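# Descriptive structure summary
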Amino acid sequence: MSLTKTERRQRIKFRIRKIVSGTAAKPRLSVFRSNKEIYVQLIDDVQGVTILAASSRDKDVDSKGTNVEVAAAVGKAIAEKALKAGIENVTFDRGGYLYHGRIKSLAEGARAAGLKF
């Protein structure tokens, strides 16, 4: 029996989450990609809380242009919020998605704005 697309992504996600974990000092940068939007959170897994969040639906994010350009803007926005909060090191959780396209663009946008991972 073959897996559906979402079942396959869930398996990959669980495999990643066994290894990647966030703390207050070095939170996990978790990405969720829908067909229309892209969302990102900084998560402290020790306390189980979301520290910061940004998405393509936020008013301060420029949501004009291609999906890849919007993802880069979201990465830049989360990096700016994190640096204001005193966080510069994170662990990247691609959420089971392949590292290309919008996910890669988001990561590169966050790195360009000053986040280290």
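Quick look at the structure, then. (Residues numbered from 1 in each chain as written. Predicted model: local features only at pLDDT ≥ 70, side-chain atom pairs only at ≥ 80, totals over all residues. Heavy atoms only, no water.)

Here we take up helix H2 (residues 67-84). With 18 residues, H2 ought to run about 26 Å at 1.5 Å a step, and its terminal C-alpha atoms sit 26 Å apart, in line with that. For H2, every residue scored as buried is listed here: Val70, Ala71, Val74, Gly75, Ala77, Ile78, Ala79 and Ala82. Packing partners of the buried residues in H2 comprise strand E1 (28-33), strand E2 (38-44), strand E3 (49-55) and helix H3 (102-112). Phi turns positive one or two residues past the end of H2, at glycine 86, with a value near 85 degrees. (Helix = DSSP H or I, 4+ residues; strand = E, 2+ residues; numbered from the N terminus. Expected span 1.5 Å × (residues − 1). Buried < 20%, exposed > 50% of the residue type's maximum accessible area, 1.4 Å probe, protein only. Contact = heavy atoms within 4.5 Å.)

Two elements, E2 and E3, share six bridges in a ladder whose sense is antiparallel. Within E3, the position partnered with leucine 42 by the bridge is leucine 52. Hairpin remark: E2 followed by E3, antiparallel, with four residues in the connecting loop; positive phi at glycine 48, about 75 degrees. (Pairing = 2+ DSSP bridges.)

For the rest of this paragraph, the subject is the packing of aromatic side chains. Counted by the stated rule, this structure contains three aromatic pairs. Every member of this aromatic cluster is reached through a ring pair, and the members are Phe92, Tyr99 and Phe117. (Phe/Tyr/Trp six-rings, centres within 6.5 Å; stacked < 30°, edge-to-face > 60°.)

Moving on, we get to the sheet that holds E3. With respect to topology, four strands assemble into an open sheet ordered E3-E2-E1-E4, the strand pairing being mixed. Bordering the open sheet on either side are E3 and strand E4 (91-93), each of which pairs with just one other strand. Across the sheet, the mean angle from the axis of one strand to that of its neighbour is 20 degrees, orientation sign disregarded. (Axes fitted to C-alpha atoms, helices over the stretch in contact; angles between N-to-C directions.)

The next point concerns the pattern of salt bridges. Here the idea is simple: oppositely charged side chains can pair when their charged atoms come close. Tallied over the entire structure, the rule returns six salt bridges. We note a salt bridge from arginine 17 to aspartate 45, for which the minimum N-O separation is 3.6 Å. Taken as a pair, arginine 17 in helix H1 (residues 5-19) and aspartate 45 in the loop between E2 and E3 lie far apart in primary sequence, 28 residues in all. A residue is classified by how much of its surface remains accessible, and arginine 17, at 28% relative accessible area, is partly exposed. (Salt bridge = Lys/Arg side-chain N within 4 Å of Asp/Glu carboxyl O.)

Read these as geometric descriptors, not functional statements.
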